[in-house]
Amino acid sequence: MSTTKTKQPKTTDTAPFPKCYKTSSKPHNFCPGCGHPIVLNELGFAIDNLKIQNSTAFLIDIGCSLLAWDYFDVDTSQTHHGRTIPVATGFKRGKPDASVIAYLGDGGGYAIGMQHLIHATLRNDNITVIIVNNLNYAMTGGQMAPTTLEKQPPTTTAPFDRTEEEYGQHLSAPEMLSTIAAEGAFIARMSVDNPIQLRQTFEKALTHQKEKKGFSFIEVLSYCPINWKTNAKETLSWLTKIKKDYPIFAKTIGKETNEE
Ligand SMILES: Cc1ncc(C[n+]2csc(CCOP(=O)(O)OP(=O)(O)O)c2C)c(N)n1
Ligand code: SF4
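Draft legend 1. Representation of the site of ligand 2 within the structure. Every residue near ligand 2 is listed here: Phe 30, Cys 31, Cys 34, His 36, Cys 64, Asn 134, Ala 138, Met 139, Cys 224, Pro 225, Ile 226 and Asn 227. Take the shell around ligand 2: its biggest share by element is three residues, from helix α8 (residues 225-228).

Listed below in C-alpha coordinates is the structure:
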(Lines give C-alpha, C1' and ligand atoms only; values in the text may rest on other atoms or scores of the structure.)
(Ligands and ions follow the chains in the order given, each with its own letter.)
Protein backbone atom coordinates (compact mmCIF):
# COMPACT_ATOMS: atom_id res chain seq x y z
CA MET A 1 0.00 0.00 0.00
CA SER A 2 1.36 3.38 -0.93
CA THR A 3 1.18 6.14 1.65
CA THR A 4 3.03 8.62 -0.55
CA LYS A 5 0.09 8.77 -2.95
CA THR A 6 -2.41 9.67 -0.20
CA LYS A 7 -3.49 13.32 -0.68
CA GLN A 8 -3.49 15.78 2.19
CA PRO A 9 -6.86 16.05 3.97
CA LYS A 10 -9.26 18.88 3.06
CA THR A 11 -10.17 21.43 5.74
CA THR A 12 -13.39 19.61 6.61
CA ASP A 13 -11.39 16.44 7.24
CA THR A 14 -10.16 17.88 10.51
CA ALA A 15 -13.72 18.10 11.89
CA PRO A 16 -14.30 15.36 14.48
CA PHE A 17 -17.58 14.20 12.93
CA PRO A 18 -19.17 14.45 9.50
CA LYS A 19 -21.87 17.12 9.06
CA CYS A 20 -24.33 14.45 7.88
CA TYR A 21 -23.84 12.62 11.21
CA LYS A 22 -27.04 12.28 13.24
CA THR A 23 -25.86 13.54 16.61
CA SER A 24 -29.09 12.61 18.41
CA SER A 25 -28.34 8.93 17.78
CA LYS A 26 -24.92 9.03 19.44
CA PRO A 27 -23.16 7.41 21.19
CA HIS A 28 -23.48 4.68 18.56
CA ASN A 29 -24.28 1.05 19.32
CA PHE A 30 -21.19 -0.68 17.94
CA CYS A 31 -18.82 -2.50 20.30
CA PRO A 32 -15.68 -0.67 21.51
CA GLY A 33 -12.90 -1.16 18.95
CA CYS A 34 -15.29 -2.09 16.12
CA GLY A 35 -14.28 -1.08 12.58
CA HIS A 36 -17.81 -0.19 11.39
CA PRO A 37 -17.82 3.34 12.91
CA ILE A 38 -14.50 4.13 11.18
CA VAL A 39 -15.97 3.04 7.85
CA LEU A 40 -19.15 5.03 8.51
CA ASN A 41 -17.29 8.18 9.58
CA GLU A 42 -15.24 8.17 6.39
CA LEU A 43 -18.35 7.52 4.33
CA GLY A 44 -19.97 10.48 6.12
CA PHE A 45 -17.05 12.76 5.27
CA ALA A 46 -17.26 11.61 1.64
CA ILE A 47 -21.00 12.46 1.60
CA ASP A 48 -20.18 15.90 3.09
CA ASN A 49 -17.37 16.61 0.66
CA LEU A 50 -19.51 15.68 -2.36
CA LYS A 51 -22.50 17.66 -0.93
CA ILE A 52 -24.92 14.78 -1.50
CA GLN A 53 -26.50 14.51 1.96
CA ASN A 54 -29.97 15.43 0.63
CA SER A 55 -29.80 13.10 -2.35
CA THR A 56 -28.30 10.00 -0.73
CA ALA A 57 -30.18 6.74 -0.17
CA PHE A 58 -28.37 4.55 2.36
CA LEU A 59 -29.50 0.92 2.30
CA ILE A 60 -28.31 -1.37 5.07
CA ASP A 61 -28.41 -5.12 5.64
CA ILE A 62 -29.05 -7.31 8.68
CA GLY A 63 -25.88 -7.93 10.65
CA CYS A 64 -23.87 -5.35 12.57
CA SER A 65 -24.40 -3.01 9.60
CA LEU A 66 -27.98 -2.54 10.78
CA LEU A 67 -26.65 -0.69 13.82
CA ALA A 68 -26.11 2.12 11.29
CA TRP A 69 -29.86 2.55 10.77
CA ASP A 70 -29.81 5.99 12.44
CA TYR A 71 -26.13 6.80 12.04
CA PHE A 72 -26.60 9.53 9.40
CA ASP A 73 -29.11 12.21 8.77
CA VAL A 74 -29.77 10.80 5.28
CA ASP A 75 -32.60 8.69 3.88
CA THR A 76 -31.94 5.20 5.23
CA SER A 77 -33.69 1.87 4.80
CA GLN A 78 -32.93 -1.58 6.16
CA THR A 79 -33.86 -4.83 4.53
CA HIS A 80 -33.66 -8.64 4.80
CA HIS A 81 -30.29 -10.30 5.28
CA GLY A 82 -28.37 -10.33 1.99
CA ARG A 83 -31.10 -8.51 0.02
CA THR A 84 -29.78 -4.98 0.30
CA ILE A 85 -28.24 -4.89 -3.17
CA PRO A 86 -31.47 -5.56 -5.16
CA VAL A 87 -33.29 -3.06 -2.95
CA ALA A 88 -30.58 -0.52 -3.80
CA THR A 89 -30.93 -1.35 -7.48
CA GLY A 90 -34.70 -0.87 -7.31
CA PHE A 91 -34.30 2.43 -5.51
CA LYS A 92 -31.81 3.66 -8.11
CA ARG A 93 -34.13 2.74 -10.96
CA GLY A 94 -36.90 4.72 -9.30
CA LYS A 95 -34.64 7.69 -8.47
CA PRO A 96 -31.80 7.70 -11.02
CA ASP A 97 -30.32 10.96 -9.71
CA ALA A 98 -29.98 9.73 -6.11
CA SER A 99 -26.61 8.54 -4.77
CA VAL A 100 -27.49 5.00 -3.75
CA ILE A 101 -25.26 3.12 -1.31
CA ALA A 102 -25.72 -0.54 -0.27
CA TYR A 103 -23.89 -1.30 3.00
CA LEU A 104 -23.49 -4.95 4.07
CA GLY A 105 -21.29 -7.36 6.00
CA ASP A 106 -19.31 -10.10 4.29
CA GLY A 107 -21.81 -12.77 5.42
CA GLY A 108 -24.72 -10.88 3.90
CA GLY A 109 -22.83 -9.84 0.77
CA TYR A 110 -20.82 -12.97 0.03
CA ALA A 111 -22.96 -15.86 1.32
CA ILE A 112 -26.74 -15.45 1.45
CA GLY A 113 -26.65 -12.41 -0.85
CA MET A 114 -23.95 -13.51 -3.27
CA GLN A 115 -26.37 -14.03 -6.17
CA HIS A 116 -27.49 -10.42 -5.88
CA LEU A 117 -23.93 -9.14 -5.83
CA ILE A 118 -23.02 -11.15 -8.92
CA HIS A 119 -26.07 -10.04 -10.88
CA ALA A 120 -25.71 -6.37 -9.89
CA THR A 121 -22.12 -6.61 -11.15
CA LEU A 122 -23.17 -8.30 -14.38
CA ARG A 123 -25.91 -5.70 -14.96
CA ASN A 124 -23.38 -2.95 -14.23
CA ASP A 125 -25.94 -1.35 -11.90
CA ASN A 126 -25.08 2.28 -11.29
CA ILE A 127 -24.95 1.91 -7.48
CA THR A 128 -22.16 1.85 -4.89
CA VAL A 129 -21.83 -1.35 -2.86
CA ILE A 130 -19.74 -1.35 0.34
CA ILE A 131 -19.01 -4.70 1.99
CA VAL A 132 -17.42 -4.57 5.44
CA ASN A 133 -15.23 -7.66 5.64
CA ASN A 134 -14.55 -8.57 9.28
CA LEU A 135 -13.91 -12.22 8.38
CA ASN A 136 -16.92 -13.59 10.26
CA TYR A 137 -20.67 -13.43 10.90
CA ALA A 138 -20.31 -10.94 13.70
CA MET A 139 -23.81 -10.12 14.85
CA THR A 140 -24.77 -13.76 15.40
CA GLY A 141 -21.69 -14.57 17.46
CA GLY A 142 -18.66 -15.10 15.23
CA GLN A 143 -19.48 -17.97 12.88
CA MET A 144 -17.24 -18.82 9.92
CA ALA A 145 -17.93 -16.76 6.79
CA PRO A 146 -16.75 -17.25 3.18
CA THR A 147 -13.97 -14.76 4.01
CA THR A 148 -12.68 -16.55 7.13
CA LEU A 149 -8.99 -17.28 6.66
CA GLU A 150 -6.83 -20.18 7.65
CA LYS A 151 -4.78 -19.41 10.80
CA GLN A 152 -6.90 -16.47 11.92
CA PRO A 153 -8.61 -16.20 15.32
CA PRO A 154 -10.96 -19.20 15.57
CA THR A 155 -14.65 -18.89 14.75
CA THR A 156 -17.43 -20.54 16.74
CA THR A 157 -18.13 -22.95 13.86
CA ALA A 158 -14.47 -23.71 13.10
CA PRO A 159 -12.92 -23.52 16.58
CA PHE A 160 -9.81 -25.47 15.52
CA ASP A 161 -9.06 -23.30 12.47
CA ARG A 162 -10.47 -23.15 8.98
CA THR A 163 -8.69 -25.67 6.80
CA GLU A 164 -8.97 -25.69 3.03
CA GLU A 165 -9.35 -29.46 3.10
CA GLU A 166 -12.44 -29.30 5.29
CA TYR A 167 -14.00 -25.95 4.39
CA GLY A 168 -12.65 -25.03 0.95
CA GLN A 169 -10.90 -21.84 -0.08
CA HIS A 170 -11.68 -18.44 1.36
CA LEU A 171 -13.37 -15.98 -0.96
CA SER A 172 -11.54 -13.04 -2.55
CA ALA A 173 -14.65 -11.27 -3.80
CA PRO A 174 -13.25 -8.06 -5.36
CA GLU A 175 -10.83 -10.13 -7.45
CA MET A 176 -13.65 -12.47 -8.48
CA LEU A 177 -15.98 -9.58 -9.38
CA SER A 178 -13.19 -7.96 -11.40
CA THR A 179 -13.37 -10.92 -13.79
CA ILE A 180 -17.07 -10.40 -14.55
CA ALA A 181 -17.53 -6.62 -14.14
CA ALA A 182 -18.24 -4.46 -17.17
CA GLU A 183 -15.59 -2.23 -18.66
CA GLY A 184 -15.47 1.02 -16.70
CA ALA A 185 -16.78 -0.46 -13.40
CA PHE A 186 -14.85 0.55 -10.28
CA ILE A 187 -13.68 -2.21 -7.89
CA ALA A 188 -11.56 -1.76 -4.76
CA ARG A 189 -10.44 -3.29 -1.49
CA MET A 190 -9.54 -0.87 1.29
CA SER A 191 -8.94 -1.08 5.00
CA VAL A 192 -10.04 0.77 8.14
CA ASP A 193 -6.41 1.33 9.14
CA ASN A 194 -6.02 3.94 6.37
CA PRO A 195 -9.09 6.17 6.87
CA ILE A 196 -8.00 8.96 4.53
CA GLN A 197 -7.44 6.53 1.68
CA LEU A 198 -10.80 4.97 2.54
CA ARG A 199 -12.56 8.34 2.32
CA GLN A 200 -10.91 9.17 -0.99
CA THR A 201 -12.00 5.81 -2.38
CA PHE A 202 -15.60 6.41 -1.24
CA GLU A 203 -15.48 9.82 -2.93
CA LYS A 204 -14.16 8.22 -6.09
CA ALA A 205 -16.87 5.55 -6.12
CA LEU A 206 -19.68 8.03 -5.43
CA THR A 207 -18.37 10.40 -8.11
CA HIS A 208 -18.24 7.43 -10.48
CA GLN A 209 -21.93 6.80 -9.69
CA LYS A 210 -22.84 10.51 -10.08
CA GLU A 211 -21.16 10.51 -13.50
CA LYS A 212 -23.27 7.46 -14.44
CA LYS A 213 -20.24 5.28 -15.06
CA GLY A 214 -21.83 2.09 -13.73
CA PHE A 215 -21.15 -0.30 -10.88
CA SER A 216 -18.80 0.64 -8.04
CA PHE A 217 -17.74 -1.77 -5.32
CA ILE A 218 -15.54 -1.39 -2.24
CA GLU A 219 -14.67 -4.15 0.20
CA VAL A 220 -13.35 -2.74 3.48
CA LEU A 221 -11.19 -4.90 5.75
CA SER A 222 -12.45 -4.19 9.26
CA TYR A 223 -11.92 -5.00 12.94
CA CYS A 224 -14.19 -7.22 15.03
CA PRO A 225 -12.28 -7.57 18.32
CA ILE A 226 -15.31 -8.99 20.12
CA ASN A 227 -15.50 -12.11 17.95
CA TRP A 228 -11.81 -12.28 17.12
CA LYS A 229 -11.28 -12.21 20.90
CA THR A 230 -8.24 -10.01 20.42
CA ASN A 231 -6.84 -7.16 22.48
CA ALA A 232 -6.09 -3.82 20.79
CA LYS A 233 -2.55 -4.75 19.76
CA GLU A 234 -3.59 -8.16 18.39
CA THR A 235 -6.52 -6.61 16.55
CA LEU A 236 -4.27 -4.17 14.69
CA SER A 237 -1.71 -6.82 13.88
CA TRP A 238 -4.39 -9.20 12.55
CA LEU A 239 -5.56 -6.57 10.12
CA THR A 240 -1.99 -6.09 8.89
CA LYS A 241 -1.53 -9.85 8.51
CA ILE A 242 -4.70 -10.46 6.54
CA LYS A 243 -3.60 -8.02 3.83
CA LYS A 244 -1.26 -10.76 2.58
CA ASP A 245 -4.37 -12.72 1.57
CA TYR A 246 -6.56 -9.70 0.95
CA PRO A 247 -4.38 -7.06 -0.76
CA ILE A 248 -5.40 -3.41 -1.00
CA PHE A 249 -6.17 -2.24 -4.52
CA ALA A 250 -8.46 -0.03 -6.57
CA LYS A 251 -9.06 -0.29 -10.28
CA THR A 252 -11.30 0.69 -13.13
CA ILE A 253 -12.08 -2.37 -15.20
CA GLY A 254 -10.37 -2.12 -18.57
CA LYS A 255 -7.44 -0.13 -17.19
CA GLU A 256 -4.35 -2.07 -16.21
CA THR A 257 -3.07 0.14 -13.41
CA ASN A 258 -3.77 -0.08 -9.68
CA GLU A 259 -5.31 3.28 -8.72
CA GLU A 260 -4.97 3.05 -4.91
C1 LIG B 1 -32.61 -14.52 6.10
C2 LIG B 1 -31.78 -14.47 7.35
N3 LIG B 1 -30.86 -15.44 7.56
C4 LIG B 1 -30.09 -15.39 8.67
C5 LIG B 1 -30.26 -14.40 9.59
C6 LIG B 1 -29.42 -14.38 10.84
N7 LIG B 1 -28.37 -13.40 10.79
C8 LIG B 1 -28.52 -12.16 11.33
S9 LIG B 1 -27.12 -11.25 11.30
C10 LIG B 1 -26.28 -12.53 10.58
C11 LIG B 1 -24.80 -12.44 10.32
C12 LIG B 1 -24.36 -11.19 9.68
O13 LIG B 1 -23.01 -11.29 9.35
P14 LIG B 1 -22.36 -10.31 8.30
O15 LIG B 1 -23.25 -10.14 7.14
O16 LIG B 1 -20.97 -10.78 8.01
O17 LIG B 1 -22.33 -8.91 9.06
P18 LIG B 1 -21.57 -8.51 10.41
O19 LIG B 1 -22.52 -8.80 11.51
O20 LIG B 1 -20.32 -9.32 10.46
O21 LIG B 1 -21.28 -7.04 10.25
C22 LIG B 1 -27.09 -13.63 10.35
C23 LIG B 1 -26.66 -14.91 9.75
C24 LIG B 1 -31.24 -13.42 9.32
N25 LIG B 1 -31.43 -12.40 10.15
N26 LIG B 1 -31.99 -13.48 8.22
S1 SF4 C 1 -19.69 -7.84 17.01
FE2 SF4 C 1 -17.85 -7.20 15.87
S3 SF4 C 1 -18.61 -6.17 13.98
FE4 SF4 C 1 -20.33 -6.33 15.45
S5 SF4 C 1 -20.37 -4.37 16.53
FE6 SF4 C 1 -19.14 -5.81 17.76
S7 SF4 C 1 -16.99 -5.53 17.11
FE8 SF4 C 1 -18.36 -4.59 15.55
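On we go from here.
Draft legend 2. Seen up close, the nonpolar core. Judged by nonpolar contacts, the single largest core of 64 residues is most densely connected at Leu 59, Ala 102, Tyr 103, Val 129 and Val 220. Looking at which element gives the most residues to this core, the answer is helix α1 (residues 36-50), with six residues. Contacts of Val 129, omitting those with residues within four sequence positions, involve Ile 85, Ala 102, Leu 117, Ala 120 and Phe 217.

Draft legend 3. Seen up close, the site of ligand 1. In the region of ligand 1, 18 residues are neighbours, and Gly 63, Cys 64, Gly 105, Gly 107 and Ala 138 sit closest. With four residues, the top contributor of residues to the shell around ligand 1 is helix α3 (residues 106-112). Looking at side-chain class alone, the shell around ligand 1 contains eight nonpolar, nine polar and one charged residues.

Draft legend 4. Representation of the packing of helix α2 (residues 84-94) against helix α4 (residues 114-123) within the structure. Remark: α2 packs on α4, axes separated minimally by 8 Å, with the N-to-C direction vectors making an angle of 35°. Along the contact surface, α2 presents Ile 85, Pro 86 and Thr 89, while α4 presents His 116, Leu 117 and Ala 120.

Draft legend 5. Representation of the sheet that holds strand β1 (residues 56-60) within the structure. Here we have seven strands laid out as an open sheet, ordered β2-β1-β3-β4-β8-β7-β9, and mixed in their pairing. Two strands bound the open sheet, and with one partner strand each, they are β2 (75-78) and β9 (249-252). Across the sheet, the mean angle separating the axes of adjacent strands is 15° when strand polarity is ignored. By the bridge criterion, four bridges tie strand β7 (residues 186-191) to β9 in an arrangement that is antiparallel. By the bridge assignment, Phe 186 is partnered in β9 with Thr 252. Taken strand by strand, α2 contacts β1, β2, β3 (99-105) and β4 (128-133), and its axis lies near 175° from that of β3.

Parameters at a glance
- Residues numbered from 1 in each chain as written.
- Chains lettered and ligands numbered in written order.
- Predicted model: local features only at pLDDT ≥ 70, side-chain atom pairs only at ≥ 80, totals over all residues.
- Near = placed C-beta within 6 Å.
- Helix = DSSP H or I, 4+ residues; strand = E, 2+ residues; numbered from the N terminus.
- Core = buried A, V, L, I, M, F, W, Y, C linked by C-beta atoms within 7 Å.
- Buried ≥ 20, exposed ≤ 12 C-beta atoms within 10 Å, placed from the backbone.
- Contact = placed C-beta atoms within 7 Å.
- Nonpolar A, V, L, I, M, F, W, Y, C, P; charged D, E, K, R; others polar.
- Axes fitted to C-alpha atoms, helices over the stretch in contact; angles between N-to-C directions.
- Pairing = 2+ DSSP bridges.

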